[in-house]
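# Coordinates in review
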Amino acid sequence: MDASPDLPRQGRVPVFNLPGIVTASIAVLAAIHVVRSVLPDALDLSVLLDLAFIPARWTAALDPSRAAEIVRAAGEAVSEPAIAAARREFARYLVSDASAMPWTFVSYALLHGSWTHLIFNSVWLAAFGAPVARRYGALRYGLIALAGIVAGAALHLFLDPDSAMPLVGASAGISALMAAAARFVFQPPPPFLSAAPWQLPPRPPLQTIPELMRNRTAMLFLGVLLATNLLFGLLALPLGGADGPIAWDAHLGGFLAGFFLLPLMEPRGRR
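Residues numbered from 1 in each chain as written. Predicted model: local features only at pLDDT ≥ 70, side-chain atom pairs only at ≥ 80, totals over all residues. Heavy atoms only, no water.

## Remarks on the environment of Met219
In this structure, Met219 sits in helix H10 (residues 216–234). Assessed through its relative accessible area of 34%, Met219 is described here as partly exposed. Sequence spacing of Met219 and Phe186 is 33 residues, and the spatial spacing of their C-alpha atoms is 9.3 Å. Residues contacting Met219, with those up to four places away along its chain left out, are Leu212 and Met213. (Helix = DSSP H or I, 4+ residues; strand = E, 2+ residues; numbered from the N terminus. Buried < 20%, exposed > 50% of the residue type's maximum accessible area, 1.4 Å probe, protein only. Contact = heavy atoms within 4.5 Å.)

The structure is reproduced here in structure tokens:
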């Protein structure tokens, strides 16, 4: 006699088993980059200037007296005279009619520097956005990513206020999702409860900071992530296919936002 439970007929297994919101996020980022790739150069530059986050623009808008300092800083640490002159001219353009453009605190995450940059970010988004979306749903997933994006831009502005380099990429939001996922994915699942439906695996509890510090796997992952961002940032090397040096401070801001704000996303009764 067959004692196995009467299970419903299984549907077709999807090729990419990602939550819909994660798939949609990647699709939107890819669609934006496709559109940008077919725009005339002048129009694409206009899109970049209107949507990218540029710290110097905010600094000049809040304190116009620092305009000369911003122009001077733009040409520093550049050995090629022609490149230094071009950067100073670009900075001069930014501060000539500076406006804060508050939407750029978020909109910069929609743009990417290259296809490699986009693919690199999409892989990490799929890997760490999926567990967060499955645990918290689309709305909380979006709020965590948004908090990381804003926090990344804010810390970048705070630490490098004179930078005229446009900041683009969803990396700060992805860093927030990475930090959030690290709070619960690097641990064995809790035992099944007899009262719970057998089809549903139990949710792993959200680890406290002391518990996380005792989790070697989680600490190794977090340490490698933070050290890699800091190393590439201090050496001013590109990472992940970005055209310019990695904005390690934006990644750090997103990471801290996801790590410390995640407990606020826990439904009541599970905190």
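## Considering the packing of helix H4 (residues 67–74) against helix H5 (residues 81–96)
At a minimum axis separation of 7 Å, H4 and H5 run at an interaxial angle of 155°. If you check the angle between H4 and H5, you find them roughly antiparallel. The way H4 lies across H5 gives a crossing that is right-handed. Of the residues in H5, those in contact with Ala67, Ile70, Val71 and Ala74 of H4 are Arg87, Arg88, Ala91, Arg92 and Val95. When grouped by side-chain class, the residues that make up the contact of H4 with H5 number six nonpolar, no polar and three charged. (Axes fitted to C-alpha atoms, helices over the stretch in contact; angles between N-to-C directions. Parallel < 35°, antiparallel > 145°, perpendicular 65-115°, else oblique. Left-handed = near helix turned anticlockwise from the far one by under 90°. Nonpolar A, V, L, I, M, F, W, Y, C, P; charged D, E, K, R; others polar.)

## What about the packing of helix H1 (residues 20–38) against helix H7 (residues 115–159)?
Relative orientation of the contacting elements H1 and H7 amounts to 150°, with a least axis distance of 7 Å. The interaxial crossing formed by H1 with H7 has right-handed handedness. For the pair H1 and H7, the contacting residues are Ile21, Val22, Ser25, Ile26, Leu29, Ala30, His33 and Val34 in the first and Trp115, Leu118, Ser122, Leu125, Ala126, Gly129, Ala130, Ala133, Ala138 and Tyr141 in the second. For the contact of H1 with H7, the class distribution of residues is 14 nonpolar, four polar and no charged.

## Focus on H1
The terminal C-alpha atoms of H1 lie 27 Å apart, and with 19 residues this matches the ideal 27 Å at 1.5 Å per residue to within 8%. Among the residues making up H1, those that are buried are Val22, Ser25, Leu29, His33 and Arg36. End-on, the buried residues of H1 take up no more than an arc of 65°, which puts them together on one face. Residues of H1 that are exposed and angled more than 90 degrees away from the buried face: Gly20 and Val38. (Expected span 1.5 Å × (residues − 1). Arc of directions from axis to C-beta.)

## Observations regarding the packing of aromatic side chains
Applying the stated criterion across every chain yields a total of nine aromatic pairs. Relative to Phe260, the ring of Phe259 lies with its centre 5.0 Å away and its plane at 80°, an arrangement referred to as edge-to-face. Look at Phe259 and you get buried, because its relative accessible area is 9%. An aromatic cluster is defined as three or more aromatic residues linked by ring pairs; in this entry it consists of Phe53, Trp58, Phe105 and Tyr108. The ring of Phe184 is capped by Arg135, whose NZ or CZ atom sits 4.6 Å from the centre of that ring. Here the basic side chain of Arg183 rests over the ring of Phe259, its NZ or CZ set 4.7 Å away from the ring centre. (Phe/Tyr/Trp six-rings, centres within 6.5 Å; stacked < 30°, edge-to-face > 60°. Lys NZ or Arg CZ within 6 Å of the ring centre and 35° of its normal.)

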